[in-house]
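The primary structure of each chain is shown beneath.
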Amino acid sequence: MNRKLLPLIVGLCVGFVFGVGVTIAFVCCFWSRNRLRRSSEKSGNIPVRVKVVDSGASLSSSNVGLESSVSSDWGNMPLSLEGLQRKDVGSACGIPKYSYKYMQKVTSNFTTIIGRGAFGSVYKAQMLTGETVAVKVLGNNSKHGEKQFLTEVLLLGRLHHKHLVDLVGYTAERGQHMLLYAYMSNGNVASHLYDLGGNQEPLNWDARFQIALDVASGLEYLHYGASPPVVHRDIKSSNILLDQFMRAKVTDFGLSRPEMIKRRSSHVQGTFGYLDPEYMSTKTFTKKSDVYSFGVLLFELITGRNPQQGLMEYVKLAAMEAESKVGWEEIVDSQLNGKYDVHRLNDMAALALKCVNEASRDRPSMRDIVGSLSQLYEKKHFENHNIKSPSPVNEISIELG
Ligand SMILES: Nc1ncnc2c1ncn2[C@@H]1O[C@H](COP(=O)(O)OP(=O)(O)O)[C@@H](O)[C@H]1O
Ligand SMILES: [Mg+2]
């Protein structure tokens, strides 16, 4: 062999061996990273936020100290639901778990009922920390309710906003499922509008406007702040709660789902009177389905009429009149005794009408709605001469994004 070629051949061999080595190392590294990622996905590690824990509560130690973040895991919710043990789901989200015995004690054996819904009864409880909470107890043998229980824990464990109700704990043992929420001392909006409690003060105009803004801001967060976006699917006055300052929070996330493009549900769910007609015909829900229900809620606040008792027919008639004449004053809740801001009423009703448009593409987004309501607030109509009679109380405050 030519002696001059020898170094070249040796060099080529060394280069080849080195190249193969580097490639093998790279492939091994890539494979082990993928394995690690797959195994952590399998174990269902969800980033959590840890809240104040009562002495009766337990938290799974593996979650303590992790930071809250809204990641996209919830996009796989139906899969996660099947994969997760009901009794562990809350700890997976960092929510304190309470024993049934403890709950018996703090509710004085479930004596004070403060509400009732499709899920079951809601009781008042005094925790050993002194905190007052509302305890939603899932009725026995409710398969449907069990899914809603999981949905609420998975969702509220991860999404936090001042206009969404706070989930502060849960119980899951011996077939007993309960959800614990921060207590909202002024109950739900429906009871104020329809005086269901028998001794409610009618809501004044400013309080109604503030409720609309608060709910819009909570929904805007669900639609644009959550990843993936979440559709509530059951916006109605009995699912809006009021705190001691009459500020509103959205509750009842049992039907909520991540929004997915062209996702068809097998059957229509929600509440009669608030259901988006497009969702009913296509069985596909979108953010605009919430916008429709929000529009109904706005009309409910304006008129004090129940959507299940012909509110929308009444509104459609008034809309025809409003086109040709002055405005929406004819449909205003008589309980307001004429104390409202005419301009804001007309602007709010015009916005509500856009929200209940039959075609979802012609409805505004929750972002647009928050923008419009904020502008209405900024106009401060109630300070100018158009106010029919000055509204006594509650200064309105506005919080965006
Ligand atoms: N955190 C709370 N504070 C005060 N009352 C509440 C609270 N949560 C629920 N309620 C009352 O219980 C009712 C039913 O609660 P909800 O969460 O809507 O249950 P469901 O899923 O059964 O409809 C509400 O309309 C309200 O009157
Ligand atoms: Mg409800």
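Parameters and conventions
- Residues numbered from 1 in each chain as written.
- Chains lettered and ligands numbered in written order.
- Predicted model: local features only at pLDDT ≥ 70, side-chain atom pairs only at ≥ 80, totals over all residues.
- UniProt positions renumbered as here; feature names shortened; annotations may be inferred.
- Helix = DSSP H or I, 4+ residues; strand = E, 2+ residues; numbered from the N terminus.
- Buried ≥ 20, exposed ≤ 12 C-beta atoms within 10 Å, placed from the backbone.
- Contact = placed C-beta atoms within 7 Å.
- Pairing = 2+ DSSP bridges.
- Near = placed C-beta within 6 Å.
- Nonpolar A, V, L, I, M, F, W, Y, C, P; charged D, E, K, R; others polar.
- Domains from an automatic or database assignment.
- Axes fitted to C-alpha atoms, helices over the stretch in contact; angles between N-to-C directions.
- Parallel < 35°, antiparallel > 145°, perpendicular 65-115°, else oblique.
- Expected span 1.5 Å × (residues − 1).

- Where an unreviewed UniProt entry is consulted, the protein appears under the name Protein kinase domain-containing protein, with the organism given as Acacia crassicarpa.
- In the Sequence similarities (unreviewed entry) part of its UniProt record, the protein is described as follows: "Belongs to the protein kinase superfamily."

What about the overall build of the protein?
Step number 1: Summing up its helical and strand segments, the protein has 12 helices and 11 strands in all.
Step number 2: By residue count, 39% of the 401 residues in the protein fall in the buried class.
Step number 3: Excluding contacts between residues fewer than 6 apart, the proportion of contacts in the protein whose partners are at least 24 apart in sequence is 68%.

Thoughts on the pairing of strand 3 (residues 113-116)
Step number 1: Relative to strand 4 (residues 121-126), strand 3 runs antiparallel, the two sharing three bridges. Residue pairing across strands places Ile113 opposite Tyr123, the latter belonging to strand 4.
Step number 2: The turn linking strand 3 back onto strand 4 is made up of four residues, and Gly120 within it adopts a positive phi angle of 155°.

Some thoughts on the site of ligand 1
Step number 1: Neighbouring residues of ligand 1: 20 residues in total, closest Gly115, Gly117, Phe119, Ala134 and Tyr181.
Step number 2: Breaking the shell around ligand 1 down by element, the ones donating at least two residues are strand 3 and strand 5 (132-137).
Step number 3: Among the residues forming the shell around ligand 1, the class breakdown is 10 nonpolar, eight polar and two charged.
Step number 4: Both domains that meet at the shell around ligand 1, namely domain 1 (86-182) and domain 2 (189-382), each give it at least three residues.

Here we look at the packing of helix 11 (residues 342-355) against helix 12 (residues 366-379)
Step number 1: Packing of helix 11 against helix 12 brings their axes to within 10 Å, and their N-to-C directions diverge by 175°. Judged by the angle between their axes, helix 11 and helix 12 are roughly antiparallel. Here helix 11 contributes Arg344, Asp347, Met348 and Leu351 to the contact with helix 12, which in turn contributes Ile369, Ser372 and Leu376.

Describing the packing of helix 7 (residues 205-225) against helix 9 (residues 287-303)
Step number 1: It is the contact of helix 7 with helix 9, at a shortest axis distance of 11 Å, that shows an interaxial angle of 175°. Taken together, helix 7 and helix 9 sit at an angle that is classed as roughly antiparallel. Contacts between helix 7 and helix 9 pair Arg208, Ile211, Ala212, Val215, Ala216, Leu219 and His223 from the former with Lys287, Asp290, Phe294, Leu297, Leu298 and Leu301 from the latter.
Step number 2: Considering only residue class, the contact of helix 7 with helix 9 consists of nine nonpolar, one polar and three charged.

Topic: helix 7
Step number 1: Counted at 1.5 Å a residue, the expected span for helix 7 with its 21 residues is 30 Å, and the 29 Å between its end C-alpha atoms agrees.
Step number 2: Across the 21 residues of helix 7, 19 count as buried, placing the element largely inside the fold.

So, helix 9
Three- or four-residue spacings in an α-helix give side chains the same orientation, since the helix completes a turn every 3.6 residues.
Step number 1: For helix 9, built from 17 residues, the straight-helix expectation of 24 Å at 1.5 Å per residue is met to within 8% by its first-to-last C-alpha distance of 25 Å.
Step number 2: For helix 9, the buried fraction is high: 17 of the 17 residues fall into the buried class.
Step number 3: Positive phi appears at Gly304, one or two residues downstream of helix 9, with a value of about 70°.

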